[in-house]
Amino acid sequence: MNEAYLYATSMTKLNETGCVTAQVAGHVIALFKYGEQVYAIDNRCPHMGFPLDTGTVQDGILTCHWHHARFDLKSGGTFDLWADDVRAFPVDVRGEEVWVDTTPPDNSRERHLRRLNIGLERDIPLVIGKAVLALLSENDEPIAPFKAGLAFGTRYRQQGWGQGLTILTCMINLLPQLDVQDRPRALYQGLAAVARDSSNPTARFTVDPLPNDQVDIATLKRWFRRFVLVRDATGAERCIVSAVRAGASPVEMADMLFSAVTDYRYLNVGHSADFTNKVFEALDVVGWEMAEQILTSLVRDYAMGQRMEETNSWRSPVDLVELLNAAFAALPAALSAGKAQTQTPDRAALVEVLLSDDPQETTFVLLAALRNGVAPVDLAQVVTYAAALRIARFHTSNEFPDWDTALHTFTFANAIEQGLRRCHSADLVRGIFDAAMSIYLDRFLNIPAAKMPQPNGHTPELAKELTALLNQQQQVNQAGNIVAQHLYHTGDADELLALLGKLLLREDRDFHTIQTVEAAIYQFNAQRDSQEGIHFLVAAARYLAAHTPTMRAQEQTYNIAQRLHRGDNLFEG
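Now for a quick tour of the structure. (Residues numbered from 1 in each chain as written. Predicted model: local features only at pLDDT ≥ 70, side-chain atom pairs only at ≥ 80, totals over all residues. Heavy atoms only, no water.)

**A short note on the overall build of the protein chain**
- Scanning the protein chain from terminus to terminus reveals 24 helices and ten strands.
- Along the longest, intermediate and shortest principal axes, the C-alpha atoms of the protein chain span 95 × 70 × 40 Å.
- Of all 573 residues assigned to the protein chain, the portion counted as buried reaches 57%.
- For the protein chain, restricting intrachain contacts to residue pairs at least 6 apart in sequence, the fraction spanning at least 24 positions comes to 72%. (Helix = DSSP H or I, 4+ residues; strand = E, 2+ residues; numbered from the N terminus. Buried < 20%, exposed > 50% of the residue type's maximum accessible area, 1.4 Å probe, protein only. Contact = heavy atoms within 4.5 Å.)

**Some words on helix H23 (residues 531-546)**
- With 16 residues, H23 extends 23 Å between its outermost C-alpha atoms, agreeing within 8% with the 22 Å of an ideal straight helix rising 1.5 Å per residue.
- Counted residue by residue, H23 has 15 buried out of 16 residues, so it is predominantly covered. (Expected span 1.5 Å × (residues − 1).)

**Digging into the state of the cysteines**
- In this structure the tally under the stated criterion is zero disulfides.
- Unpaired in terms of disulfides, Cys 170 finds its nearest cysteine sulfur in Cys 423, a separation of 20 Å.
- Free of any disulfide, Cys 423 has its nearest cysteine sulfur in Cys 239, 18 Å distant. (Disulfide = S-S within 2.5 Å.)

**Brief notes about the pattern of salt bridges**
- Taken as a whole and assessed by the stated rule, the structure comprises 31 salt bridges.
- When the shortest N-O distance is used, the salt bridge between Arg 430 and Asp 263 registers 2.9 Å. Of this pair, Arg 430 sits in helix H18 (residues 430-441) while Asp 263 sits in the loop between helix H9 (250-261) and helix H10 (271-286), placing them 167 residues apart in sequence.
- The partner of Asp 494 in a salt bridge is Arg 528, and the shortest N-O contact between them spans 2.8 Å. (Salt bridge = Lys/Arg side-chain N within 4 Å of Asp/Glu carboxyl O.)

**Some words on the packing of helix H4 (residues 143-156) against H10**
- Where H4 contacts H10, the two axes come as close as 10 Å, and the packing angle between them is 135°. The angle between H4 and H10 falls in the class oblique. Here the hand of the crossing between H4 and H10 comes out left-handed. For the pair H4 and H10, the contacting residues are Ile 143, Phe 146, Lys 147 and Leu 150 in the first and Ala 282, Val 285 and Val 286 in the second.
- Tallied by class, residues from the contact of H4 with H10 come to six nonpolar, no polar and one charged. (Axes fitted to C-alpha atoms, helices over the stretch in contact; angles between N-to-C directions. Parallel < 35°, antiparallel > 145°, perpendicular 65-115°, else oblique. Left-handed = near helix turned anticlockwise from the far one by under 90°. Nonpolar A, V, L, I, M, F, W, Y, C, P; charged D, E, K, R; others polar.)

**Topic: the nonpolar core**
- Leu 116, Phe 224, Met 253, Leu 257, Leu 295, Phe 433 and Leu 466 are the most contacted members of the largest nonpolar core, which totals 166 residues.
- In terms of residue count, helix H16 (residues 376-392) provides more of this core than any other element does, twelve residues in total.
- Those residues in contact with Phe 433 that sit more than four places away from it in its chain are Leu 324, Ala 327, Phe 328, Leu 331, Thr 363, Leu 366, Leu 367 and Leu 370.
- Membership of the second largest hydrophobic core comes to 14 residues, among which are Ile 41, Ala 69, Phe 71 and Leu 73. (Core = buried A, V, L, I, M, F, W, Y, C linked by side-chain atoms within 4.5 Å.)

**Details of the packing of aromatic side chains**
- Summed over all chains, the structure comprises 14 aromatic pairs.
- Over the ring of Tyr 264 we find Arg 307, and its NZ or CZ is 4.0 Å from the ring centre.
- Geometry around Tyr 440 places Arg 443 over its ring, the cationic atom sitting 4.1 Å from the centre. (Phe/Tyr/Trp six-rings, centres within 6.5 Å; stacked < 30°, edge-to-face > 60°. Lys NZ or Arg CZ within 6 Å of the ring centre and 35° of its normal.)

And the structure:
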């Protein structure tokens, strides 16, 4: 006798009604007598938990009476992919007794990953949410669903890397800051963003490398930049694949790609630099074996993107491109001179110039700092801080879309800084100057400038007060002030970061808000014990407050998935 089987019910009972429910080893099982066979399935409809014993069986197909999901009674397989398969249990009829085997399947991880891929393919957030919750509850390991989202988005989004994959990477970066119960929610948000961004998927086929595997990396880099210049995405993509196959290191590939991004002024309103940074962050998580597929997803954005030298705002009334070209001509000598000495930047003086109304003076001051031995990455950090101040000082008398103008400058500057931490490319230093020019162009957003919060002796009830504010529209200054007072008076940064993440995740996804909060948290963690660090989170809180509350439809879907995962009855109460 197989000891895995447990008694469920009698044939007498089952013959009387055709369907019986039984509690077996913690499972509520629905047993059906259909024809001469007995079938056993989980009584909870996998879609939203309705009891399947109230359903109808016709021609071997069980239909749930809540949303009309249909299942093969024998295998539990669904005919409606939004519903998920229901678990079927082996049955052994022993005379008048019905026994079932409730041994857990040994392929549950693979099944949940398959369901995740179905959710991605069909853009079904509820299926994605349920799969993520199941995967993380089994081993609390986020890498597998993150990797599945990367593979899907980079293969099936014809335009390549975009908002969805950036959101997904932001979410994996935010996980350590979040409360444990919010981590599945973050992955759900990121994966649902990838699915939506890749709706109606068509495979994106990558090219083969060059047959000549002796081409050196420097030559491939030169060719790559030439192909991007003439907007030849295919030629550029082949250079990337060839470089990876030739053994180019992550540092060499970062140098190749960031150099191409900074060949043009503020490419794609800064998105290209941010996308490039996020691609390398994603590869840090999943490993270099996915490099070809992920790196090539950037090419279309580079080749087809808008170059700010082609726009009027960068050419008139001040020709910023001309100023930058003059600065770039002087850049090699400045970097060479700076190698002979080391200097800590005068951050306050630099920020004052960056926020001023003189772009030429800005280029002079940046060159002088490099010439005097300020490390490019330190200079980039100051520029990133100045960009964040545009958000922290953004006045609500501006038009609402202008928030995004300031946001683009900040995330671009942040990407350039992080790129310089990854590779010490002289070409990438040009991005510091581009960010500074964008800060100059954003000056009108701080006229008048919102006042920066100062310590006032008030220690807020952080969770209560900030949550209440973000349930109302446009509580921008108040939100920034609460964040500042909390940090000034208690210093408990981890509590604040977890709360900002929670409040971000309860809203419907907004690409720019997610970018802002994720970049500000990164910058804060790099400068925790400084007033600058506080200002980064003030900027994040103000931006978040400006973009809340939303309909919170995504949160409703996730809550349904969470309640199903817990075993709640959604149809009651």
